[in-house]
Structure formats: structure tokens, C-alpha cells
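# Survey of secondary and tertiary structure
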Amino acid sequence: MPAREFLSEDDEKLIVDAIERAEKNTTGEIRVHIEFKCKKDPLERAKVLFHELEMDQTEARNGVILYIASNDKKVAIFGDEGISKKVEDHFWQNEIDNLISEFKKGNFEKGIEKVVGDIGEKLKINFPSDGSDPDELGNEISFKDNREIQNDD
């Protein structure tokens, strides 16, 4: 299914709202990226996109990307060095397992919303906001319909 058709407009809005809620009490930044294909390891692809989307530019190095390749059914989560140093080694894998479990039930929006909330909680604990920090990155879902493109970058 094409990346943009993976979620309905209503689902997309619910996820953006979840990102805004998750970021409300933290200086951390969360981004969801959905594309059609992933020809390589999804974590490596997530790292490339993390840099392309300039998520490595946050002051505290606490950005997190949730990557989904809708057609290839691949997912990954990559957190910048600030947050990765503070979470347990198994945290990212547990969140991926939770996401896959919801996806297998057809609960795409629910799974993404839950994982975004969990990541937000970890960010809030480790990078609390005093209420004055700016939203450094947009909260919209980024999409790439790469059915014809080989994502070799």
C-alpha cells in the first residue's frame, strides 16, 4: 500500500496530536516517517532519514524517529545519542515489538500512537521541559512514496 494511503487523514491527525502531547512536557522531538519500500536494513534507513530530516540538530540530541516501510512491512526506531544513552538497551526493541503486535491486528494508528506516547514518557523523564523550550522540529508525519525509487542512501 502506498505510504500516503497507509493511514487515513483522521488517523494522521490523531498521530500528529499524539506527537504534540508526547512532546508537551519534554525538550525531546519525535518524528514519524512512512515510506513504501525499504531495500536495506530498516534501522540503517531510519538513521539516513534521521539526518536528512535534520533530527540530529536538536540542542540536547534527543530526537527520535519512528520509521515505517508500509509495503515491505519493516519498522525501526532510532534515537539520537542523548536519549539513547539514557534508555535501557531493550527499550527500543520492546517498542518495535509492541508496534508490530498492533500492526498484525491491523491497528496501525493505535500502534503508532501508543509507541509515540511511550517514547514521549521516556523523553519527559530524561529531558523534562520547563515550558519555555521551542518545538524545534515539525510534528507532521513525513511521507515518501518511493515505489519507483531505490532507497540506497
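Structure first, text after, so check above.
Residues numbered from 1 in each chain as written. Predicted model: local features only at pLDDT ≥ 70, side-chain atom pairs only at ≥ 80, totals over all residues. Heavy atoms only, no water.

As a further point, take the packing of aromatic side chains. Within the structure shown, the criterion is met by 3 aromatic pairs. With a centroid separation of 5.1 Å and 65 degrees between ring planes, the pair formed by Phe-103 and Phe-108 is classed as edge-to-face. Taking relative accessible area as the criterion, Phe-103 reaches 15% and is therefore assigned buried. With a relative accessible area of 25%, Phe-108 lands in the partly exposed category. It is Lys-86 that lies over the ring of Phe-127; its NZ or CZ is 5.6 Å from the centre. (Phe/Tyr/Trp six-rings, centres within 6.5 Å; stacked < 30°, edge-to-face > 60°. Buried < 20%, exposed > 50% of the residue type's maximum accessible area, 1.4 Å probe, protein only. Lys NZ or Arg CZ within 6 Å of the ring centre and 35° of its normal.)

Here the largest pocket is characterised by a volume of approximately 260 Å³. Around the largest pocket, the lining comprises 13 residues; the ones closest to its centre are Phe-6, Ser-70, Lys-73, Phe-103 and Phe-108. Mapped by element, the contributors of at least two residues to the lining of the largest pocket are strand E2 (63-69), strand E3 (74-79) and helix H4 (91-104). Broken down by element, the lining of the largest pocket gets its largest block of residues, 3 residues, from H4. (1 Å grid on protein atoms, 1.4 Å probe; cavity = no way out; pocket = protein on both sides within 12 Å on 5 of 7 lines; lining within 4 Å. Points joined across faces, edges and corners; volume = space filled by probe spheres on them. Helix = DSSP H or I, 4+ residues; strand = E, 2+ residues; numbered from the N terminus.)

Geometric descriptors of this kind do not, in isolation, establish any biological role.
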